[in-house]
Amino acid sequence: MTTTPAVTEETPVPAVRREALHFALRNGKLVAGLVVVVVFLAAAVVGPMTISYGPNDYVGPAMAAPSGEYWFGTTMFGQDVFAQFVYGLRSTFLVGVLGGGLAALIGMAVGFTAGYRGGLVDEVLNMITNIVLVLPALVVLLVANAYLGVRSIGVQALFIGLTSWPWAARAIRAQTFSLRSRDFVDLARLSGVRTPRIIVREIAPNMSSYLFMTFILLFGGAVLVAASLDFIGLGPTQGVSLGLMLNNAARWSALQLGMWWWFVPPGAGITAVVGALYVMNVGLDEVFNPKLREM
Amino acid sequence: MRRYFGRKLLVYGLTFFVAVTVNWLIPRFMPGDPVQSMLSRANVSQPAAVEAMRLHYTSMFGFDQPLWRQYLNFWGALLRGDLGISIWLFPTPVTDVIVRAVPYTLGLLVPAILLSWVAGNRFGAFAARRRWLDNSVLPLGYVLTATPYMWLAILLAWALGIVAGIFPVAGAYSFAMRPELSWAFAGSLLQHWFLPFASLFLVAFGGWAIGMRNMIIYELEADYVTYLRSLGAPGRLVRRYAFRNAILPQITGLALQLGVLVAGALVTEIVFSYPGLGHLILQAVQNQDFFLLQGTFLFIVLGVLVANFVVDVAYVLVDPRTRAGMGGAA
Amino acid sequence: MSLTVTGLRVHYRTLRGDVKALDGVTFSVADGEIMGLAGESGSGKSTLGKSLIRLDGRMRHVGGTVELDGVTLPIGDDAAMNAHRFREVSLVPQYAMSALNPTRRIGRMVSELLASRGAGPETAELERRLELVGLSRDVLDRYPGELSGGMRQRVVMVISTLLDPSLLIADEVTSALDVSTQRAVARTLREFRDRGLVKSMIVVTHDIALVHQIADTITVMYAGRLAEKAPAEALVTAPRHPYTRMLISSLPEAGVRHEDRRLAGIPGAPPSLLDPPAGCRFRDRCPLAFARCAEQPPFAEVAPGHHVACWKAE
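Residues numbered from 1 in each chain as written. Chains lettered and ligands numbered in written order. Predicted model: local features only at pLDDT ≥ 70, side-chain atom pairs only at ≥ 80, totals over all residues.

- Taking an unreviewed UniProt entry as the reference, chain C is identified by name as Dipeptide/oligopeptide/nickel ABC transporter ATP-binding protein belonging to Microbispora corallina.

- If you look chain A up in an unreviewed UniProt entry, it shows as Peptide ABC transporter permease from Microbispora corallina.
- Looking at the Sequence similarities (unreviewed entry) heading of the UniProt record, one finds this comment for chain A: "Belongs to the binding-protein-dependent transport system permease family."
- Recorded in UniProt for chain A, the comment headed Subcellular location (unreviewed entry) runs: "Cell membrane". (UniProt positions renumbered as here; feature names shortened; annotations may be inferred.)

## Topic: helix α2 (residues 28–46) of chain A
Three- or four-residue spacings in an α-helix give side chains the same orientation, since the helix completes a turn every 3.6 residues.
Residues and elements named next belong to chain A.
Piece 1. When the terminal C-alpha atoms of α2 are compared, their 27 Å separation across 19 residues agrees well with the 27 Å that a helix rising 1.5 Å per residue should span.
Piece 2. Among the residues making up α2, those that are buried are K29, L30, G33, V37, F40 and A44. Across the axial projection of α2, the buried residues extend over an arc of 115°, all falling on one side. Exposed positions of α2 whose direction lies more than 90 degrees from the buried face are V35, V38, A42 and V46. (Helix = DSSP H or I, 4+ residues; strand = E, 2+ residues; numbered from the N terminus. Expected span 1.5 Å × (residues − 1). Buried ≥ 20, exposed ≤ 12 C-beta atoms within 10 Å, placed from the backbone. Arc of directions from axis to C-beta.)

## Some words on the sheet that holds strand β5 (residues 71–72) of chain C
Adjacent strands of a sheet form backbone hydrogen bonds with each other and so pair up, either parallel or antiparallel.
Residue and element names in this part refer to chain C.
Piece 1. Taken in spatial order, the 4 strands line up as β2-β1-β4-β5 in an open sheet, and their pairing is antiparallel. Each of the sheet's edge strands pairs with one partner strand only, and the pair in question is β2 (17–29) and β5.
Piece 2. By the bridge criterion, 9 bridges tie strand β1 (residues 3–14) to β2 in an arrangement that is antiparallel. Across the sheet, Y12 pairs through a bridge with V19, a residue of β2. (Pairing = 2+ DSSP bridges.)

## Here's the deal with the UniProt feature "transmembrane region" (unreviewed entry) in chain A
Piece 1. Here the UniProt-annotated "transmembrane region" (unreviewed entry) positions come out as residues 30–51, 93–116, 128–147, 210–234 and 260–284 of chain A.
Piece 2. Counted over residues 260–284 of chain A, helix gives 100% and strand 0%. Its end C-alpha atoms are 35 Å apart.

## Brief notes about the interface of chain B and chain A
Piece 1. Between chain B and chain A, the residue contacts involve 56 residues of the former and 45 residues of the latter.
Piece 2. Of all the elements, helix α1 (residues 2–29) of chain B adds the most residues to the side of chain B that touches chain A, at 10 residues.
Piece 3. Taken together, the residues of the side of chain B that touches chain A break down into 41 nonpolar, 14 polar and 1 charged. (Contact = placed C-beta atoms within 7 Å. Nonpolar A, V, L, I, M, F, W, Y, C, P; charged D, E, K, R; others polar.)

## Quick look at the interface of chain C and chain B
Piece 1. The interface is formed by 23 residues belonging to chain C together with 19 residues belonging to chain B.
Piece 2. At the level of elements, β6 (89–92) and α3 (106–116) of chain C are the ones that each hand at least two residues to the side of chain C that touches chain B.
Piece 3. Per-element tally for the side of chain C that touches chain B: the top contributor is α3 of chain C, with 3 residues.
Piece 4. Considered class by class, the residues forming the side of chain C that touches chain B number 10 nonpolar, 7 polar and 6 charged.

## Thoughts on the confidence of the model for chain A
Note: predicted coordinates in regions of low pLDDT should not be interpreted at a detailed level.
Piece 1. Looking at chain A, the pLDDT average stands at 84 and 92% of residues meet or exceed 70.
Piece 2. Below a pLDDT of 50 lies the segment residues 1–12 of chain A, which in the model reaches 28 contacts outside its immediate sequence neighbourhood of four places, other chains included. (pLDDT = per-residue confidence, 0-100.)

## Overview of unusual backbone geometry
Residues and elements named next belong to chain C.
Piece 1. Even without being glycine, D69 reaches a positive phi, approximately 50°.
Piece 2. Turning to its location among the elements, D69 is positioned in the loop between β4 (59–68) and β5.
Piece 3. We note that F86 has phi near 75°; this positive angle belongs to a residue other than glycine.
Piece 4. Along the chain, the position of F86 falls in the loop between α2 (78–81) and β6.

This is the structure:
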């Protein structure tokens, strides 16, 4: 499901950057994906500012189809679907950044340590990684969230981060392993540089594109998991999210009532953001991995 | 090979241990008093049950005993197959409720996983052969994998169920029927099964197709492919070898995706009110039925572990390197 | 005449334009000849080796012809070239250690490969040849991962020559090996030729000292063109091209491995092949350069079998 790019060959850094930029601008997948993500991000940031009422306020007529006044129509109770949508997008980006970010941090910490240290440390970390990897994340999250009386996006992101890092740790470990024995790392080690510094200064920069792509995938994963949780009814108790909108639409029989405007936008928003991120990732892979470039 | 399976089994054993422990820990260390909230809820809906509940709690958890004792008791009850009593369906034991739901979930999941895996791999390998196909299929595949399972389920239910009226959108069989061995009932089952199956299948299919396409593209850059081509081997042979090698990481991927697929099945069942484990989870959440929720959790974990082991066996059958004791890529 | 290459031009497509990796290369290899092909990295020697069997994705055949046993090879046409590969031209690649499909038993892979080329399973011959390189027949029942790197390389040498090709290209076959294994590989290559399993051979290498042990003739390339071709002994003891001379004199004593580093003894760097200057390409680094070097010197025969591209080589 994920692409596993190889760490690119070492060539002088400025040349690599220039070349990467050249390919980046010409890569249709990267540009298209980025445009979609930026449009939705802008809607999430700017959208709520243009709306004077809250997403859950009962502002209009009930069950109104999309119109000039209410672009995405209204819910069963007269809430503005468009307002819910842009606020929901905010939650989506927030949970992606926080959850995906935390997972990336844990994955990096575990992956770098295991890959660089090797030996017993590696064995132990590997075991832990495998255990968390095998546990079905959503089900663990269900149980944990069910016991929380009050749920917030932050806590949701925290739990998602804690359960979704293992594959990233594995991938980063493998990459670190292959970089560990390179000359420049040996040189740093021989000149007495301490381990954390070697990891931060020598290893991480050499796989920065890889780390970035890993983060994108974790971001997408966090968004999808959060949507599922919200849909089951374990979303944030306050506020809106796209998953919660789907939950409400399903719960109040929007399907049977033919209120397509209630359940189409939230799912489309998630699909568009996550899909665009994935397509962008393929583009990035082609940019950073010379073997995949189309000449 | 013994070592390979030994390691795997150790991991699975530890995972189960961790899952049970987490299951035991969560209610004790979460804020609030779940027992009280559960009882007070039960008080409203099942006044008669409260005293029985309280007794059951005390005997099962033994709150007056030291923690380690409570923990051992928990394991003891678990090993006897005692997962507590459901509040939602009081006084049915949780184990019974789950056992009744499991066939529905398996009936959706197993065909969806296997068929999407086979079809997705074939299609991905096929798409990698032609540029135009690749360029149109790839974005479509990514959009499919990015689709939340429940949203695709809702769209299918709306389009094919409500608007077109071809398929029913709720339940596992017609409400007018009782389960029996007849063609009419089987037909009804199949009719109700199709949409949830299709939405699971489609999302998973996109993922496998993309995974295969990416793997094949990497394989076609491998040295052994360059060598074969230098010796004039026809594309057919080259592709066969590349497919065979690319399928290995896809098998590993199957194990990695199990959790996501199970999650997909759960939310899909909720959309279609399909009476499997997902439906149980929804009911458990809505009725604050923590016994049922935790029991379902353990059941799913167990199922995923067993499935993982099956995948491991399949991997060994397919990758000669694990058999020859060379480690392989697992 | 086994192989005749005339005015061969092959370009590499890059972002900044075409790199003229081979810019008018003309030479021939006789029946039974083992030709060493030496040069710094970037000289075009590997491009030449690849051009004779399979251009990689970014290479383009721009001009010139390659004739093998009187038949012109369609080197720019990947599909048409397939008929000639393996049967007439074959390759022992640089990556021989990883050239075998890791998930197929070697014997099965070989028979599938042969079948795909319409050749029968030559089990007896295959076993005889494995014996020749010191391998027992049971390697055929093994997966590549079960063999050592050296064994895998020998298996590849046997596979590549199984259909008795007229020309074998051995690309840097020794660069990953230790000295004693290098010698063994060199001996095996000669033996293949002596037994008539291959008619002629081009051994691409950056290691003149080693190629001296295998080859009958040595060709030196510089910046996309041939600098000198001569019988091995003559080239090493009495080189005529100033570049070859500097290359030989910068070598450590014979037999010691020469790394592919920039030649310390020759100041300057080869010209960019994106837009190479007219005339002799070595002239900026050449101590003998004079006015006439602005004109490209012909690759002229100055003694029997000894060709040099230098105005001062008479």
